[in-house]
Amino acid sequence: MTRKKRSQPRPSRPALSTSALLKLFRQVKRPLSRAEIIRQLKLKKKDKRVVKELLSSLVEQGKLIRIRRGYGLAEAMRCVTGRLEIQRGGYGFVVPEDSRRKDIFINQRDIGEAWHGDKVVAAIIRENKGDKNNEGRIVRVLERGRKTLPVKIVKRMRGGEWLGRPTDPRLGFGIICTLKDPAMELTPGDIALCVPGDKIDPAMWEGEITRRLGPEGDIAVQEALVKSNHNIRLRFPSGSVNQAEGLPAQPSEKDLKGRRDLTAKPFVTIDGATAKDFDDAILVERKGKGYRLWVAIADVAHYVPEGSPLDREALERGNSYYFPQSVEPMFPERLSNGLCSLNPNVKRLVMVACMDTDGRGATRSAELFPAVIESHARLTYGQVKQAILDKEPDAREKISHVLPMLELAEELARKINKLRKDRGSLDFDLPEPEIFFDAQGETSDIRPKTRHFGHQLIEEFMIAANEAVAHFLIERDLPCLFRIHPAADEEKLKNLFRLLALTDKSVVMPKEITPKALQQLIRSQKGTDKEYIVSRMLLRSMKQAKYSPDNEGHFGLASEEYCHFTSPIRRYADLVVHRIVKSALGNDDAPQGIPGRKKLYNVAGHISGRERVAMDAEREILKRVMVLFMQDKVGGTFGGVISHITDYGFYVELREVMAEGMVRLSTMDDDYYTYWPQREMLVGERTGQSFKLGQAVEVVLESASLERLELDFSLKSVTAAAMDYKDLI
C-alpha cells in the first residue's frame, strides 16, 4: 500500500486592496504596468479585472497617475491632489487635501480644462523657498467640483435649444442647452440650472437645463445661483431629518441628570436683531476683588452622537451659510432654532466655561462642566447699546431685571479688551457692508455695519472661553482641534515698511515680526495720511486662519492657546472640541474614545475648506447685490478712495455706498502709466502724475456688469485726482 503524499500548503498571496498596490509601488520605487503588477504580486489571470478596478480607483483618488506605459505614484512624481481655486486674475491655487502642505500656484496657461472647484492633480514644476508658494501645472481633473452650473439664458436657437453662459465669470465658455422638461418656459435673461454634458469645442459645451430659477434681477435668484456655484447643500437627507424629528421638543428629566442646575442664575443672550440660533449665553458676577465669568454654550453634542445621520451631514456642511435674505444651517431648524438654541425662559442643556479673574480681568482659574440653564432675556446689540452705552432711561427700564449684571459685564469686558490689546492682539477697524432691503425685497442701501462695544463685549467673553478650553485640553495632554493663524507674510510686510520709510525715515521694520510690533505700527499711523495704507497693506499681509490638531498659536489674537468652542450650532469644529471636553470630563454622553491625530487632520482639512467656501459665497453674493444695486446709477459721479493698485489700473472704494470698482488704465488717455509695485503707485511717464493707496478721487460709473461681477469707473478729472510723484520719493 503506497503512502499518500502529504499535501504542501499553498503559498499565500497578498490580499488584493488599494493599500497593497500602493505598498508595492513604494517598494519598487518606479512606475509599473498592469502586467508588471500582476507578476510582482504573483497573481493569476483571473485577478486582472480586480487589479484594473483597483488601479482605476487609485487614479480617481489622485494617488496614482496614468502615464504612457502604466502607472506612477503621484507622491513620487511630485504630484499633489487638491481643490482648484481660480482667482479674479485668471490664475489659481490648488489647495492640497493634506492641510499641512502649502497651496500650489497655478499660472493661467497651466490650468488646462479644469474649472474652479474641481478636484485635480497638480504636478510641481517649481519649488520655491520660504513663504512663496510652489508652482504647478494641472495634469488631471479627477472630479468636477460642480455637477450643476447656473447659467444665464442668452437666446433661443433654431432647433429649439437654448444658448446659455455660466454665471461664474471664471468659466469662459457657452453651453447649448436642451430642456429636461419640454414644458419649461424660459426667456432670455433668466437664470437656470444646467447639467453640463460633452465638450463640443474649446468655447462650447452641451448641457441639459433641469430647473428655471427666475429673473436675473431677483435677489432670491442670485442667492440660489451662488449656493449652486459653491455646492452649498439646500436639503437635509431623510436620515438626518428623521433623527431630528425624533428628538424631544424640550429636555427630558433624563437629559438633566448629572448636570448642575443653573436655571436661577440670570444668564442672557446678546445677538443681532434677526438672529434665531442662539449658541451662547453669558453671566458676570463679582467675586472678591475680581470677577466670575460664566459662558454657557449650547450642548449640541448631547443630541448629536458622533457618526449619526445628523453628525455626518453637519460634517459634510462644515458650518452654516449666511446670505442677505436666507440661511442654510448646519443642523435642521428643529435643533438650530429650537432644542439647541438658548431661547429665553426655557430649560436648555449647555456646556459651561466658568472663569475666575483677578481685578485686571486676567483669568486665574477655569472650570468646565455640563449644566442646565434658562436664559432670562433675549437681548439685541441695539438694546445693549441703548441701555448700557447710551444709558437711555426707557431702554434701561425694559431690561431692569438684568441691568446690574450687564453693567458689571461691560466693566469686565473693557478690562479683558485692554489686556488683549496690551499683549498685541490686532484689531483692524475696517467697515463691513450691511445690506438694507425695502418692503418689496429690493436693495435700498449698502452701508457700513454699525459696530459698538456691545458687539465687543460678547467677542471678548467668547475669546476668553475659547482660550480657557484650549488651555484645559493642553494642560491634560489631550488632543484638540486648534484654531491657528500663521504669522504675517514677511515679504508683504517688507514692502509696507519700505513704502512708509520713503516719507518717514523713523519707520523701521522690526527684527522680529510680532503682533505687538504691528499693533504699535497701527497706533503710530493712526490719524495720519498713512493710516489707510497701513491698515490695508497689513490686512493683505495676514494669512488665512484654519483648523489643525497642531497648536501653532493665533497670530492675529496674539494667543498661544486658542480653539473654537462657542458656536457648535453653526460650526462643526466647535462640536469636535465639545466631544473631546466631554471625554476628558468623563460625561455619560461622551463619545467612545478620543479622536486620533490622523482623524483630526482629515476633519481639520475638510472644515477649513468648507469655511473657505462660506467666505467665497459671502463675497460673491455681496458683489452680486452691489452690482444690481448700482445698475440704475450708471452715469453718476461718486467720491471714493483708491483701495488697491495693479499694473492694469486701480480699484476705488466709494464713500456714498459700500461698493468697489475699477478705473482701468485703458480709460486714461492723458499719459502712459507705469506700475511701481515697491511703492504701490501708478506714475505717468510724461506728466509725472501719480496715484497711490488711500488717495481721494472722483469717478463716474460707466458700467455695472453681472457677467463680470465688476463696476467700471472712469476718472472725472485726472489732474484733480493725481499728484506729482516727486512728492513721494
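**Re the confidence of the model for the chain**
- Taken over all residues, the pLDDT of the chain has a mean of 90, while the share at 70 or more is 96%.
- Ignoring residues within four places in sequence, the model shows residues 718–729, a span with pLDDT below 50, making 34 contacts including any to other chains.

**Things to note about the pairing of strand S26 (residues 637–646)**
- Across the 10 residues of S26, eight count as buried, placing the element largely inside the fold.
- Sheet topology note: the S26/strand S27 (residues 649–654) ladder contains six bridges and is antiparallel. By the bridge assignment for S27, His 644 is matched with Tyr 651.
- Joining the antiparallel neighbours S26 and S27 is a turn of two residues.

**Considering helix H4 (residues 219–229)**
- The element H4 is largely enclosed, with a buried count of nine among its 11 residues.
- Three or more residues of H4 are buried, namely Ile 219, Val 221, Gln 222, Glu 223, Leu 225, Val 226, Lys 227, Ser 228 and Asn 229.
- The backbone nitrogen of Ala 220 has a side-chain oxygen 2.8 Å away, supplied by the residue at the start of H4, namely Asp 218.
- Positive backbone phi, at 55°, marks Asn 231, one or two positions downstream of H4.

**Focus: the pattern of salt bridges**
- According to the stated counting rule, one finds 54 salt bridges in the structure shown.
- Linking Arg 317 and Glu 313 is a salt bridge whose minimum nitrogen-to-oxygen distance equals 2.8 Å. Of this pair, Arg 317 and Glu 313 both sit in helix H8 (residues 309–317), four residues apart, which is roughly one turn of the helix.
- Arg 317 gets classed as buried once you look at its relative accessible area, which sits at 2%.
- You can call Glu 313 buried: its relative accessible area is 4%.
- Between Arg 664 and Glu 710 there is a salt bridge; the shortest N-O distance is 2.6 Å.

**Describing the pairing of strand S15 (residues 280–287)**
- As paired elements, S15 and strand S16 (residues 290–298) share eight bridges and run antiparallel to each other. Residue pairing for S16: Ile 282 is matched across the bridge by Val 295.
- What sits between S15 and S16 in their antiparallel hairpin is a turn of two residues, with Gly 288 showing a positive phi close to 60°.

**Structural notes on the layout of surface pockets**
- The space that makes up the second largest pocket amounts to roughly 810 Å³.
- Along the walls of the second largest pocket sit 21 residues, with Lys 63, Glu 75, Glu 97, Asp 98 and Asn 602 positioned nearest its centre.
- Looking at the lining of the second largest pocket, the elements with two or more residues in it are helix H1 (18–28), strand S3 (79–86) and helix H18 (597–630).

The rules we used
- Residues numbered from 1 in each chain as written.
- Predicted model: local features only at pLDDT ≥ 70, side-chain atom pairs only at ≥ 80, totals over all residues.
- Heavy atoms only, no water.
- pLDDT = per-residue confidence, 0-100.
- Contact = heavy atoms within 4.5 Å.
- Buried < 20%, exposed > 50% of the residue type's maximum accessible area, 1.4 Å probe, protein only.
- Helix = DSSP H or I, 4+ residues; strand = E, 2+ residues; numbered from the N terminus.
- Pairing = 2+ DSSP bridges.
- Polar contact = N/O pair within 3.5 Å; in protein donor to acceptor, adjacent residues only side chain to side chain.
- Salt bridge = Lys/Arg side-chain N within 4 Å of Asp/Glu carboxyl O.
- 1 Å grid on protein atoms, 1.4 Å probe; cavity = no way out; pocket = protein on both sides within 12 Å on 5 of 7 lines; lining within 4 Å.
- Points joined across faces, edges and corners; volume = space filled by probe spheres on them.

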